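Structure at a glance
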Amino acid sequence: RLSPRRRRRRGPAAEGSSPRDGGSMRCQVSVLYFARSAELAGLRCETLSVPREITSLQLWEEIVKVHPRLALIRDQVVFAVRQEYVLLGDQLLVLQPGDEVAIIPPISGG
Amino acid sequence: MEENEDVPKDFIKLKSEKLSVDEVSELVVSPYCGAVSLFIGTTRNNFEGKKVIHLEYEAYTSMAETEIRKICRDVRQKWPSVKHIAVHHRLGVVPITEASVIIAVSSPHRAESLEAVMYCINTLKASVPIWKKEIYEDEYSWKENKECFWANSEK
């Protein structure tokens, strides 16, 4: 179980948070949008506050709360966290302030 | 200066200007190599009966360069005799028939450079975060490489 840390910031109370949201520890990450995801989100980058410990699927859900139209491409994207590909799923991410998180639609280089 | 020729080099560039086959070939030429193999990816003027006006490319630049560096490292593990590798990819608007990507590899004998070039383009299409948009007369389409394992294409 997570130790109950001082809840200085707004507690995770309301949102039906799962046990894996790192308690109230959040950090600011840079979210980058590319290709179709940039069109749906309407921007190319922004800073978001997210739980420090979070599964990749939960991180996706945090981002979709901010940009609901992204839900259209949920089945076709992966993340790149600190420039390593991560599938949307149970993988636990431990994020640091300033980390880059990129939404990666299907690629088409070459 | 001669000793520098012995040191294998990777030349990776993402740029919006027109690519040059001469420039990319000259980067990998070496007096120790009897072979330079090249791949040039060019833009077709049609897709499924639709006329393609031009292509547009964008990239997650820093990660794309890192992924291409990984490809070069893998090439050198698989084909240790490969001397120099150059990968130039164009970004932004690419008109029809112009090159989107040029890959050149040099090696003492031809088998390695031929195989390495094929490996480079195939792996680039599977792993490098670059996206292509095809612009038609009335619409556009974000393409998806079949090599991309997270694409949903049914084709």
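Residues numbered from 1 in each chain as written. Chains lettered and ligands numbered in written order. Predicted model: local features only at pLDDT ≥ 70, side-chain atom pairs only at ≥ 80, totals over all residues. Heavy atoms only, no water.

A look at the overall build of chain A
Threshold: A run of H or I in DSSP becomes a helix once it reaches four residues, and a run of E becomes a strand once it reaches two; helices and strands are each numbered from the N terminus. Exposure categories follow from relative accessible area, calculated using a 1.4 Å probe and restricted to protein chains: below 20% of the type maximum is buried, above 50% is exposed, and the middle band is partly exposed. In this analysis, two residues are considered to be in contact whenever any of their non-hydrogen atoms come within 4.5 Å of each other.
Looking only at helices and strands, chain A has two helices and seven strands in total. By residue count, 49% of the 110 residues in chain A fall in the buried class. A fraction of 55% describes how many contacts in chain A between residues 6 or more apart in sequence connect residues 24 or more apart.

Regarding the overall build of chain B
Let me state the cut-off plainly: With the radius of gyration taken over C-alpha atoms, the globule rule is written as 2.2 Å times the number of residues to the power 0.38.
Looking only at helices and strands, chain B has four helices and nine strands in total. Helices (α) and strands (β) of chain B occur, in sequence order from the N terminus, as α-β-α-β-β-β-α-β-β-β-α-β-β. For 155 residues, the compact-globule estimate of 2.2 N^0.38 gives 15 Å, and the C-alpha radius of gyration of chain B, at 16 Å, lies within 12% of that figure. Along the three orthogonal principal directions, the C-alpha set of chain B runs to about 55 × 30 × 30 Å.

As for the interface of chain A and chain B
Inclusion rule: Here, a salt bridge means any side-chain nitrogen of Lys or Arg that lies within 4 Å of a carboxyl oxygen of Asp or Glu. Asp, Glu, Lys and Arg are counted as charged, while Ala, Val, Leu, Ile, Met, Phe, Trp, Tyr, Cys and Pro are counted as nonpolar; the rest, among them Gly, fall into the polar class.
Every contact between the two is made by 24 residues of chain A and, on the other side, 33 residues of chain B. Linking chain A with chain B are three salt bridges, by the criterion used here. Residue arginine 44 of chain A pairs with glutamate 58 of chain B through a salt bridge whose shortest N-O separation is 3.1 Å. Looking at the side of chain A that touches chain B, the elements that each hand over two or more residues are helix H1 (35-41), strand S4 (78-81), strand S5 (84-86) and strand S7 (100-104) of chain A. Here the side of chain A that touches chain B is composed, by residue class, of 13 nonpolar, five polar and six charged.

Remarks on the confidence of the model for chain B
Selection rule: What pLDDT expresses is the predictor's confidence in each residue, scored from 0 to 100.
In the predicted model, chain B carries a mean pLDDT of 94, and 95% of its residues have values of at least 70. Reported confidence for the predicted complex is 0.92 by ipTM and 0.88 by pTM.

Some remarks on the nonpolar core
General note: in soluble globular proteins, nonpolar side chains tend to be found buried as a group. How we decide: Side-chain atoms within 4.5 Å are what join buried Ala, Val, Leu, Ile, Met, Phe, Trp, Tyr and Cys residues into a set we call a nonpolar core.
Core analysis: the biggest nonpolar cluster contains 29 residues, and Ile71, Val75, Val82, Ile85, Ile103, Val105 and Val128 of chain B have the highest contact counts within it. Among the elements of the structure, strand S4 (50-59), helix H3 (61-78), strand S5 (85-90), strand S7 (99-107), helix H4 (110-127) and strand S8 (130-136) of chain B are those that each provide at least two residues to this core. Once residues within four sequence positions are removed from consideration, valine 128 of chain B is found in contact with Tyr85 and Ile107 of chain A together with Ala64, Glu67, Ile68, Ile71 and Thr123 of chain B. Listed in part, the 25 residues of the second largest apolar core include Ala38, Ala41, Trp60 and Leu93 of chain A.

What about the pattern of salt bridges?
Pairing is possible between side chains of opposite charge, provided their charged atoms come close. Across all of its chains, the model carries 16 salt bridges over all chains by this definition. A salt bridge links arginine 82 of chain A to aspartate 99 of chain A; the shortest N-O distance between them is 2.5 Å. Residue arginine 82 of chain A is found in the loop between S4 and S5, and its partner aspartate 99 of chain A is found in the loop between strand S6 (92-94) and S7; the two are separated by 17 residues along the sequence. As a salt-bridge pair, glutamate 134 of chain B and lysine 143 of chain B come within 3.4 Å of each other at their nearest N and O atoms. Here the salt bridges do not stand alone but share partners, grouping Arg26, Glu62 and Lys65 of chain A into one network.

Here we look at H3 of chain B
For the α-helix, the turn length of 3.6 residues means that residues three or four positions removed from each other point alike. What counts here: The span you would expect from a helix comes to 1.5 Å times its residue count less one.
Between the first and last C-alpha of H3 of chain B there are 26 Å, a value that for 18 residues agrees with the 26 Å anticipated at 1.5 Å per step. Within the sequence span of H3 of chain B, burial applies to Met63, Ala64, Glu67, Ile68, Ile71, Cys72 and Val75 of chain B. Contacts made by the buried residues of H3 of chain B are with S4 and S5 of chain A together with strand S1 (10-15), S5, H4 and S8 of chain B.

What to know about the side chain of histidine 88 of chain B
Mapped onto the elements, histidine 88 of chain B comes out in strand S5. Excluding anything up to four places from it in sequence, histidine 88 of chain B contacts Phe11, Lys13, Leu19, Glu23, Val24, Leu27, Ser100, Val101 and Ile102 of chain B.

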